[in-house]
Amino acid sequence: MRLIWKIFRTLMVLLFSILAITGIGTFAFMKLSPQFGQIPEGEDLKRIEQSTNYEDGIFVNLVETTMDMDFSKLGETMQEYMNSTRTTPAEPLPTHFDPTPENLELDSLVYVTWYGHSAILLEMEGKHILIDPMFGAVAAPVSFFGRRFKYQEPIDIDALPHIDAVIISHDHYDHLDYPTISKIKEKVGHFYTPLGVGSHLKSWEVPADHITELDWWQSAQLDSLTFTATPSRHFSGRGFGDRSKTQWASWVIKGQNNNIYFSGDGGYGPHFKEIGEKLGPFDFTMMECGQYNEKWAQIHMMPEETAQAHLDVQGKAMMPIHWGAFQLASHSWTDPVERVQKASEANGIDFVSPRIGQRFEIHESLPHTRWWEELE
């Protein structure tokens, strides 16, 4: 009996030692790894606590939104991943990297370049505006998860022109990428973010006077352009214990001649109609479509909802985003674009489908190619 007790005690000590070492290692990794960023504290925290969208230490959505999955749903999701097919392309995705002019003419034209997922460059009224510039290899704090699909040509960050404004929708890794920010920060004039996200940027040595944080419905001016942070139905967080400590947003970019909407991430909700009524109509929308599942439909739209959201905000032409770069859900990699194209055709929506890196003008040369079918 004593021998059994001794073995049991030894095993328990070993188990607790492993757990302790794992816990200490995880804590140290998070504290010493800059990619986790910094949650708001001090004066930054006091400032965001004044927001009407901040309650009990976290930011909240306009309508009730649940994100928790119980053990059974987690098991089902893991099984879906194991059984899923065609989740990644069988060959590198075709690219078409057009050069971007360094000096822009001040005119009424708007040019768009899509880099996959939600990374977009706008050329508008003499300004270069970079949205959610995630150009990194992985959409995660570790290298073995969320790897980018292979492209025929890599994204050349050094080829980017001077960026007048960077707009960030929220702090998830597939939208706010530490390696990318580190490489581009010296060529960026100003960063515009939802409340709290500036704390991450400052921890990455972006000067505080180069950052403007906006609450929902607040605006900032950059010469003739107006940037307005608008609601979305989502959440935030980059590590343990920081869920919803920073805000998330969609964005309106309004100039003298054009009005553009960027959805960011989020589930379908009544905020789309409100945005359309207050700030629409929009000449061009960039709408989230991809990385969805019925289990988390409250925080990521299904493709048919993407089309409806475009109609709600009173958009004209629509380009689906949040697809074509990462496998973050169990659906096939082409499911988002195939379904949203079908829904767009059924609703008379001008559906825009550029190749990765292709530069186009939103009124004159909208691309409508089904380039993904070339890989079937």
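See the structure printed just above.
Residue numbers here run from 1 along each chain, matching the order of that chain's written sequence. For a predicted model such as this one, the threshold for reporting local features is a pLDDT of at least 70, and the threshold for listing and counting side-chain atom pairs is 80 or more; totals across whole chains, interfaces and linings nevertheless cover every residue. Each side-chain value is worked out from all heavy atoms of the structure, with water and hydrogens disregarded.

Undergrad: What is the right way to look at the nonpolar core in this model?
TA: It is characteristic of soluble globular proteins that their nonpolar side chains tend to be buried jointly. For our purposes a nonpolar core is just a set of buried Ala, Val, Leu, Ile, Met, Phe, Trp, Tyr and Cys residues, chained together by side-chain atoms within 4.5 Å. Partly exposed residues are those whose accessible area sits between 20% and 50% of the maximum for their type, while under 20% is buried and over 50% is exposed, using a 1.4 Å probe and protein chains only. The biggest cluster of nonpolar side chains holds 89 residues, and the ones touching the most others in it are Ile120, Ile129, Phe227, Phe284, Met286 and Met319. When checking whether two residues touch, look at their non-hydrogen atoms; a contact exists if any pair is within 4.5 Å. With residues up to four places along the chain from it excluded, the contact list for Met319 reads Val112, Trp114, Ile120, Phe284, Thr285, Met286, Met287, Val352, Pro354 and Phe360.

Undergrad: Looking at this structure, I do not really get the pairing of strand S8 (residues 211-214). What am I missing?
TA: In regular strands, side chains alternate between the two faces of the sheet. At least two bridges found by DSSP between two strands is the condition for calling them paired. For the purposes of this entry, the term helix denotes a DSSP run of H or I that reaches at least four residues, the term strand denotes a run of E that reaches at least two, and both are numbered from the N terminus. Bridge count for strand S7 (residues 188-194) against S8 is 4 bridges, and the pairing is parallel. Of the residues in S8, the one forming a bridge with Thr193 is Glu213. The handedness rule is simple: strands pointing away from the viewer, and a clockwise path from the first strand over the helix to the second, make the crossover right-handed. Between the parallel elements S7 and S8, the chain passes through helix H5 (residues 198-203) in a crossover that is right-handed.

Undergrad: Please clarify how the packing of aromatic side chains should be interpreted in this entry.
TA: One pair of aromatic rings is described through two measures. These are the centre distance and the angle between the planes. Paired rings are identified among Phe, Tyr and Trp, the last through its six-membered ring, by centres lying within 6.5 Å, and are further divided according to the angle between planes into stacked (under 30 degrees), edge-to-face (over 60) and tilted (the rest). Summed over the entire model, instances satisfying the criterion amount to 16 aromatic pairs. For the pair Tyr268 and Phe272, a centre-to-centre distance of 5.9 Å together with 25 degrees between the ring planes defines the contact as stacked. Looking at Tyr268, the relative accessible area reads 25%, which means it is partly exposed. The interplanar angle of 85 degrees and the centroid separation of 6.0 Å between the aromatic rings of Trp323 and Trp372 together place this pair among those described as edge-to-face. On the criterion of sequence distance, the pair formed by Trp323 in the loop between strand S14 (315-321) and helix H8 (335-346) and Trp372 in the segment after strand S16 (359-361) is long-range, its members being 49 residues apart. Grouping residues by exposure puts Trp323 and Trp372 together as buried. Ring-pair connections join several aromatic residues into one group, and the members of that group are Trp114, Phe149, Trp323, Trp333, Trp371 and Trp372. Placement of a charge over a ring requires the Lys NZ or Arg CZ to be within 6 Å of the ring centre, with the centre-to-atom vector within 35 degrees of the ring normal. Positioned above the aromatic ring of Tyr173, the side-chain terminus of Arg238 is 3.9 Å from the ring centre.

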